[in-house]
Amino acid sequence: MPAPLPLETRVRIASALVEGNSLRATARMVEVARGTVLDFALRLGEGCIRLHGRKVRNLAAHVIQMDEMWSYVQKKQARVTAKDAAEHGDAYLYVALDANTKLAISYHVGKRDGENTETFVKDLRARLTVVPHVTSDGWQPYIEAMFANFRGSADYAQCVKNYRGGPQRSPDHRYEPTRDVFVTKTPVFGAPKDELMSTSFVERFNLTTRHTVGRTRRLCLAFSKTIRGHRAAIGLGIASYNWVRAHGTLGTTPAVAAGLAERPWTLAELVTAALAEEEETAPPVPQPLKLEPRPGEEPAPARELPGGRGWLRLVSRGSGPTAPSPPQPPPVALVSAPPEPEPPPSEPPPAPGPRRMEQLSLFEEQM
């Protein structure tokens, strides 16, 4: 039986992996066999998944953005045949990001279908303690999953970014969206606010993931061969993002900003903690959501509906879906006064003066 790797070597392997290197490149850099790197990466990534499941829960996340990021296992979906394993083809990363602390609250790797969407939203719901404002893209299964799991205790909207192509686009820019973009914001239920309907932060998180998890990059040989390895690689990347890597805007890690850690972790601390997570913990249990004002907002009158069906709230004008305008009373007619009689012909006509206007009442005055 080979001797266990020393901690220094484990940290060097983890450091290379979270910088987007492939298994073979990491093996050459650390001078360790590729099989050894693969076995350690699986153990480390699965430990990071268990660490995330145990520590990231009971969160007061007021504004959340959701998105899916495409990648694949073994081969792209267009090349999958009936002889291939069910895990081959597209593998989407579902992620929910706290817009304030930039914490990756919940994530799931699987096919882009209703079943995986339901699993992802159900896990997100179980990790929250307050009524959130949630924005996603236009993926339709989100609507049913959000309604089934939150039951009205959320302000949910969809934000769709439409990119227009032009005849001047060349094959060299196939992965770069055009600059002519327009956004469609659609409130779904609750009272979502227009200024909070956005997916920009979670899309920026997707870009960070493509740089730090080599298996999610396009047009390269670092793709995953199994769904287990793919999930482990993403688990390591998200754990490093939450606990180790300082966010440029926050100046600290998302875990510290969310109150899950007192200080940023070192990579050695993450490796040690993840390898110590040998047993799977019980998944979080959904708790009743509290209605709290978001940062910078004043509390408003609210009453919880019976049966956990949500809240009856007083929202400010302009929040939520646009209501039809009440019927307006008919306008008051303005008519001119009758003209003055013409003077006798012997007198010279007077100089024309301003016409007097008189307002007529359409209703009798109440005495």
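Before any of the text, the structure's been laid out above.
My aim in this report is to walk through the structure given alongside it, one point at a time. Bear in mind that the values here come from a model prediction, so they are computed numbers and not experimental data.

1. A short note on the overall build of the protein
Part 1 of the argument: A count of helical and extended segments in the protein gives nine helices and twelve strands.
Part 2 of the argument: For the protein, with 367 residues in total, the buried portion stands at 41%.
Part 3 of the argument: Contacts spanning at least 24 positions in sequence make up 62% of the contacts within the protein whose residues lie at least 6 apart.
Part 4 of the argument: A total of about 21,800 Å² of accessible surface is found on the protein, and carbon and sulfur atoms cover 55% of it.

2. Let's talk about empty space enclosed by the protein
Part 1 of the argument: Tallied over the entire structure, the rule returns two cavities of 30 Å³ or more.
Part 2 of the argument: In this structure, the largest cavity is lined by Val18, Phe205, Thr208, Thr209, Thr212, Val213, Gly237, Ile238, Ser240, Tyr241 and Arg245.
Part 3 of the argument: Elements with a minimum of two residues in the lining of the largest cavity: α6 (200-212) and α7 (227-243).
Part 4 of the argument: What the second largest cavity holds in volume is close to 40 Å³.
Part 5 of the argument: When grouped by side-chain class, the residues that make up the lining of the second largest cavity number three nonpolar, two polar and four charged.

3. So, the packing of aromatic side chains
Part 1 of the argument: Applying the stated criterion across every chain, the model contains seven aromatic pairs.
Part 2 of the argument: Where Phe147 meets Phe189, the ring centres are 6.3 Å apart and the plane angle is 75°; that geometry is what we call edge-to-face. Separated by 42 residues along the polypeptide, Phe147 in helix α5 (residues 141-150) and Phe189 in strand β8 (residues 181-189) bring together distant segments of the chain.
Part 3 of the argument: What links up through ring pairs into an aromatic cluster is the set Trp70, Tyr72 and Phe223.
Part 4 of the argument: Over the aromatic face of Phe201 sits the side chain of Lys102, whose NZ or CZ is 4.4 Å from the ring centroid.
Part 5 of the argument: Sitting over the face of the ring of Trp139, Arg112 holds its NZ or CZ atom 4.1 Å from the ring centroid.

4. A look at helix α9 (residues 267-276)
Part 1 of the argument: Of all the positions in α9, only Leu267, Leu270, Val271, Ala273, Ala274 and Leu275 are classed as buried.
Part 2 of the argument: Structurally, α9 contributes buried residues whose contacts are with α1 (7-17), α3 (34-55) and α7.

5. Re the environment of His247
Part 1 of the argument: As for its placement among the helices and strands, His247 is situated in the loop between α7 and α8 (254-257).
Part 2 of the argument: Overall, the relative accessible area of 19% leaves His247 in the buried class.
Part 3 of the argument: For the pair formed by His247 and Thr101, sequence separation is 146 residues and the distance between their alpha carbons is 9.5 Å.
Part 4 of the argument: Setting aside anything within four residues of it in sequence, one finds His247 in contact with Lys102, Tyr241, Thr252 and Thr253.

6. As for the packing of α1 against helix α2 (residues 23-30)
Part 1 of the argument: For the pair α1 and α2, the least separation of the axes is 10 Å and the interaxial angle reads 140°. When the axis of α1 is compared with that of α2, the two are oblique. Like other packed secondary-structure pairs, α1 and α2 cross with a definite hand, here right-handed. Residue-level inspection shows Thr9, Arg12, Ile13, Ala16 and Leu17 of α1 in contact with α2, the latter providing Leu23, Thr26, Met29 and Val30.
Part 2 of the argument: Here the contact of α1 with α2 is composed, by residue class, of six nonpolar, two polar and one charged.

7. Comments concerning the pattern of salt bridges
Part 1 of the argument: Counting across every chain of the model gives 13 salt bridges.
Part 2 of the argument: Here Glu297 ties to Arg294 by a salt bridge, and the two come within 3.6 Å at their closest N and O atoms.
Part 3 of the argument: Here Glu297 falls in the partly exposed class, since its relative accessible area comes to 27%.
Part 4 of the argument: The class of Arg294 is buried, set by a relative accessible area of 10%.
Part 5 of the argument: Counted as one network, the salt bridges with shared partners bring together Asp155, Lys193, Arg294 and Glu297.

8. Some remarks on the side chain of Asn149
Part 1 of the argument: Within the secondary structure, Asn149 is located in helix α5.
Part 2 of the argument: In contact with Asn149, other than residues within four places in its own chain, are Glu118, Val121, Lys122 and Arg125.

9. Topic: the pairing of strand β6 (residues 133-136)
Part 1 of the argument: Burial along β6 is two-sided: His133 and Thr135 and Val134 and Ser136, pointing in opposite directions, are all buried.
Part 2 of the argument: Here strand β1 (residues 63-69) runs beside β6; their pairing, made up of three bridges, is parallel. Residue pairing across strands places Val63 opposite His133, the latter belonging to β6.

10. A short note on α7
Part 1 of the argument: Here α7 is 17 residues long and its end C-alpha atoms lie 24 Å apart, about the 24 Å a rise of 1.5 Å per residue gives.
Part 2 of the argument: Burial analysis of α7 places 15 of its 17 residues in the buried class, which makes it a mostly covered element.

Conventions we followed
Residues numbered from 1 in each chain as written. Predicted model: local features only at pLDDT ≥ 70, side-chain atom pairs only at ≥ 80, totals over all residues. Heavy atoms only, no water. Helix = DSSP H or I, 4+ residues; strand = E, 2+ residues; numbered from the N terminus. Buried < 20%, exposed > 50% of the residue type's maximum accessible area, 1.4 Å probe, protein only. Contact = heavy atoms within 4.5 Å. Areas by Shrake-Rupley, 256 points an atom, 1.4 Å probe, with all protein chains shown as cover. 1 Å grid on protein atoms, 1.4 Å probe; cavity = no way out; pocket = protein on both sides within 12 Å on 5 of 7 lines; lining within 4 Å. Points joined across faces, edges and corners; volume = space filled by probe spheres on them. Nonpolar A, V, L, I, M, F, W, Y, C, P; charged D, E, K, R; others polar. Phe/Tyr/Trp six-rings, centres within 6.5 Å; stacked < 30°, edge-to-face > 60°. Lys NZ or Arg CZ within 6 Å of the ring centre and 35° of its normal. Axes fitted to C-alpha atoms, helices over the stretch in contact; angles between N-to-C directions. Parallel < 35°, antiparallel > 145°, perpendicular 65-115°, else oblique. Left-handed = near helix turned anticlockwise from the far one by under 90°. Salt bridge = Lys/Arg side-chain N within 4 Å of Asp/Glu carboxyl O. Pairing = 2+ DSSP bridges. Expected span 1.5 Å × (residues − 1).

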